[in-house]
Amino acid sequence: MPTTILRLLTLVSAVLFSFHSFAVTNWVNFEVINGHINLPVTIKGIEGRAILDSGSQLNAINISFINKNGFEFSKGSKINVKGVYGTEIQQLYNNVQANLFGADIELDELVGLRLGHHEVQLLLGAGLLEKFIFQIDYPNNRLRLFERDSLDLAKLENIEMQMDRGTGQPIVKVELNGEKNAWLILDTGNNGGLFLKRTLATDSNWLSQYGAQSGTGFGVNNVATIDNFRLPEVKFGPFTIENVQASVPAEGQNESITGQDRSGLSRIKGKNIKCLVGYDILKHFVLTIDYKSGHMHVGLPEES
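Source: prediction; values computed, not measured.

J.: I'd like a rundown of the overall build of the chain, residues and numbers included.
T.: For the chain, the helix and strand inventory stands at five helices and 24 strands. Counting over 304 residues, the chain shows a buried share of 52%. Pairs at least 24 residues apart make up 67% of the contacts formed inside the chain by residues separated by at least 6 positions. Taken as a whole, the chain presents about 14,100 Å² of accessible surface, with 45% of it coming from carbon and sulfur.

Shown next as structure tokens:
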């Protein structure tokens, strides 16, 4: 498999901005499993993992974890959960006591989802992310939190980012193959590179030009057939990444690029979102993200 190559555009972009002078926590190590950020968490004395998912409007608890341990949690209402490949009705759980980031916290309105192996206990999305400014150091597998009032990231951002009005998800503007500018959902829960609307790829003739091959994609609710290929170039902030993994829904396959919408009832018109951006691109960078206000700085790790 060809290796993804990172190419610097400018000398300035090679230097990671120093954030040391601001109110910040210690670094917390995470493990990357299948492209997902996994943090240590403990619920009811059982140690496990929590997946950090910036593309999710939801916080969720793994039904497999609940069933494996025979736990009973307080049940709330039921909601529609919209995933990339479909929508299903799911149960909400309340009063879940967890130890996360070294602190004991209570989590409410956790959606019951099947998140794979029972060792995965939680999926953490907007409900957690909007409370802090996150700095995710992908190359060194670590993250830390800034107090929201301690850092004005609007003055430091070097990539166009905002919260989509329609879905409330973080979106960034990128350049695809030197041909198109597109708004992408910033999705730390996507273990691929780009997940594109099929029409975007077919209009540009990328599927035939770059030898797309059939594969399988896994959404929050369903499994679907996809076509995979390698896009020669993606500009992400001040950087260009080459030979990027990309996929589109197979012909005739239903798709929803807007990811996980809490209710599916929003009538606010947002951006024309063309795709998701995930681990195959993000893994090169240190991302400092103000999820609530919609600002981000992209940098490279500091040299040790």
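J.: Explain the pattern of salt bridges to me, using residue names and the numbers behind them.
T.: Counted by the stated rule, this structure contains seven salt bridges. Close ionic contact of Arg 230 with Asp 280 constitutes a salt bridge, the shortest N to O distance being 3.9 Å. Taken together, the residues span a long stretch of sequence, with Arg 230 in strand S20 (residues 223-236) and Asp 280 in helix H5 (residues 279-282) at a distance of 50 residues. Judged by relative accessible area, which is 21%, Arg 230 ranks as partly exposed. By relative accessible area, Asp 280 is classed as buried at 6%. Linked through salt bridges whose partners overlap, the residues forming this network are Arg 230, Asp 280 and Lys 283.

J.: Which residues make up the packing of aromatic side chains, and what are the values?
T.: A complete count under the given rule lists seven aromatic pairs for this structure. Centre to centre, the rings of Phe 65 and Phe 71 are 5.5 Å apart; their planes meet at 65 degrees, and the pair counts as edge-to-face. Accessibility expressed as a relative area gives 17% for Phe 71, which makes it buried. An aromatic cluster of at least three residues, connected via ring pairs, comprises Phe 30, Tyr 138 and Tyr 279. Just above the ring of Phe 71 sits the side chain of Lys 44; from NZ or CZ to the centre is 5.7 Å. In this structure, Arg 142 is placed above the aromatic ring of Trp 27, and the distance from its NZ or CZ to the ring centre is 4.0 Å.

Reading the values: rules and limits
- Residues numbered from 1 in each chain as written.
- Predicted model: local features only at pLDDT ≥ 70, side-chain atom pairs only at ≥ 80, totals over all residues.
- Heavy atoms only, no water.
- Helix = DSSP H or I, 4+ residues; strand = E, 2+ residues; numbered from the N terminus.
- Buried < 20%, exposed > 50% of the residue type's maximum accessible area, 1.4 Å probe, protein only.
- Contact = heavy atoms within 4.5 Å.
- Areas by Shrake-Rupley, 256 points an atom, 1.4 Å probe, with all protein chains shown as cover.
- Salt bridge = Lys/Arg side-chain N within 4 Å of Asp/Glu carboxyl O.
- Phe/Tyr/Trp six-rings, centres within 6.5 Å; stacked < 30°, edge-to-face > 60°.
- Lys NZ or Arg CZ within 6 Å of the ring centre and 35° of its normal.

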